[in-house]
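Given next are the chains, with one letter for each unit.
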Amino acid sequence: MEKLKQILAFNEQFVETKGYLPYMSDKFPNARLLIVTCMDTRLTELLPQAMNIKNGDAKILRVAGAMITEPYGSIMRSVLVAVTQLKVEEIMVVGHHDCGMVGLEGEQMIRSLQQKGISVEKMKQFDKPGETVEAWLTGVNSVEGAVLRSVQMIKEHPLFPHDIPVHALTITPDTGKLEVIHVENSVS
Ligand SMILES: [Zn+2]
């Protein structure tokens with residue numbers, strides 16, 4: 001609650017002093033770009049700075065490990081909205097080194113949830129055909145594997161338009177250095 005109070009107090013000042021003026025833009029990304037990246041806090045300012053992305057330039061979806069795992073999930077739906085309604089013409093999936101999702105064991109997540117008071121019985125109810133809750137909570141083996149899997153999920157999605165290139169990159173959270181893992185030439 002304390003954090004919320006602080007934020008609301010700051011916000012009042014922000015609006016009053018027109019702190020928003022340097023950030024004004026419309027809903028269409030100026031660079032016609034969508035970035036799918038991780039929720040890691042180190043990337044919040046570093047990633048746009050390192051990629052020369054200003055406010056209003058790109059749609060940015062942030063999800064643990066930059067992983068898109070569900071064809072019917074809200075991340076994949078957001079990708080489809082971006083390319084059909086928001087003028088996005090190119091997509092970059094950007095994972096990062098030292099990501100918390102790399103090497104995350106489902107078992108470790110189960111133990112942590114138990115410590116938070118979630119019973120094993122309750123978790124079992126969350127199993128679905130073909131995938132246990134433990135498997136669902138498991139991370140990936142490598143950051144490269146994670147971004148390539150997300151690119152594959154997008155490219156092979158039956159509703160995804162084929163003329164939109166989807167690239168895979170990694171970023172180093174210490175330096176902002178980008179590495180290209182997979183590049184796709186525009187079809188147009
Ligand atoms: Zn991460």
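In this text the structure is predicted, and so the values were computed from the model without any measurement. (Residues numbered from 1 in each chain as written. Predicted model: local features only at pLDDT ≥ 70, side-chain atom pairs only at ≥ 80, totals over all residues. Heavy atoms only, no water.)

A.B. asks: Describe the pairing of strand β5 (residues 178-182), listing the residues and the values that go with them.
C.D. replies: Relative to β5, strand β4 (residues 166-171) runs antiparallel, the two being bridged by four bridges. When the bridges of β5 are listed, Ile-171 appears paired with Leu-178. Here β4 folds back onto β5 in antiparallel fashion, the turn holding six residues, of which Gly-176 has a positive phi close to 80 degrees. (Pairing = 2+ DSSP bridges. Helix = DSSP H or I, 4+ residues; strand = E, 2+ residues; numbered from the N terminus.)

A.B. asks: Talk me through the coordination of the zinc ion; I want residue IDs and the actual numbers.
C.D. replies: Within the protein, the zinc ion binds to Cys-38 (SG), His-96 (NE2) and Cys-99 (SG); these donor distances fall in the range 2.0 to 2.3 Å. Between consecutive donors of the zinc ion, the numbers of intervening residues give the motif C-x57-H-x2-C. You can see Cys-38 sitting in the loop between β1 (33-37) and α2 (43-50) and its partner His-96 sitting in strand β3 (residues 90-96), a full 58 residues away along the chain. The buried category is assigned to His-96, whose relative accessible area is 1%. (Donors = N, O, S within 2.8 Å, 3.2 Å for Na, K, Ca; no water. Buried < 20%, exposed > 50% of the residue type's maximum accessible area, 1.4 Å probe, protein only.)

A.B. asks: Requested: an account of the pairing of β3, with residues and values cited.
C.D. replies: Counting buried positions over the seven residues of β3 gives six, a clear majority of the element. Of the strand pairs in this sheet, β1 and β3 are connected by five bridges, and their pairing is parallel. Directly across from Leu-33, in β3, lies its bridge partner Glu-90.

A.B. asks: I'd love a proper account of helix α3 (residues 74-85), names of residues and values included.
C.D. replies: It helps to recall that an α-helix has 3.6 residues per turn; residues three or four apart then point in one direction. Counted at 1.5 Å a residue, the expected span for α3 with its twelve residues is 16 Å, and the 15 Å between its end C-alpha atoms agrees. Within α3, burial applies to Ile-75, Met-76, Val-79, Leu-80, Ala-82 and Val-83. Angular distribution of buried residues about the axis of α3 spans 160 degrees; they occupy a single face of the element. α3 presents Arg-77, Thr-84 and Gln-85 as exposed residues on the side facing more than 90 degrees away from its buried surface. In the segment just after α3, Lys-87 is the residue with positive phi, at about 65 degrees. (Expected span 1.5 Å × (residues − 1). Arc of directions from axis to C-beta.)

A.B. asks: Which residues make up helix α7 (residues 143-155), and what values do they have?
C.D. replies: A rise of 1.5 Å per residue sets the reference length of α7, with its 13 residues, at 18 Å; its end C-alpha atoms lie 18 Å apart and thus fit the reference within 8%. Buried residues of α7: Val-143, Ala-146, Val-147, Ser-150, Val-151, Met-153, Ile-154 and Lys-155, and no others. Next to the buried residues of α7 lie α3, β3, β4 and β5. (Contact = heavy atoms within 4.5 Å.)

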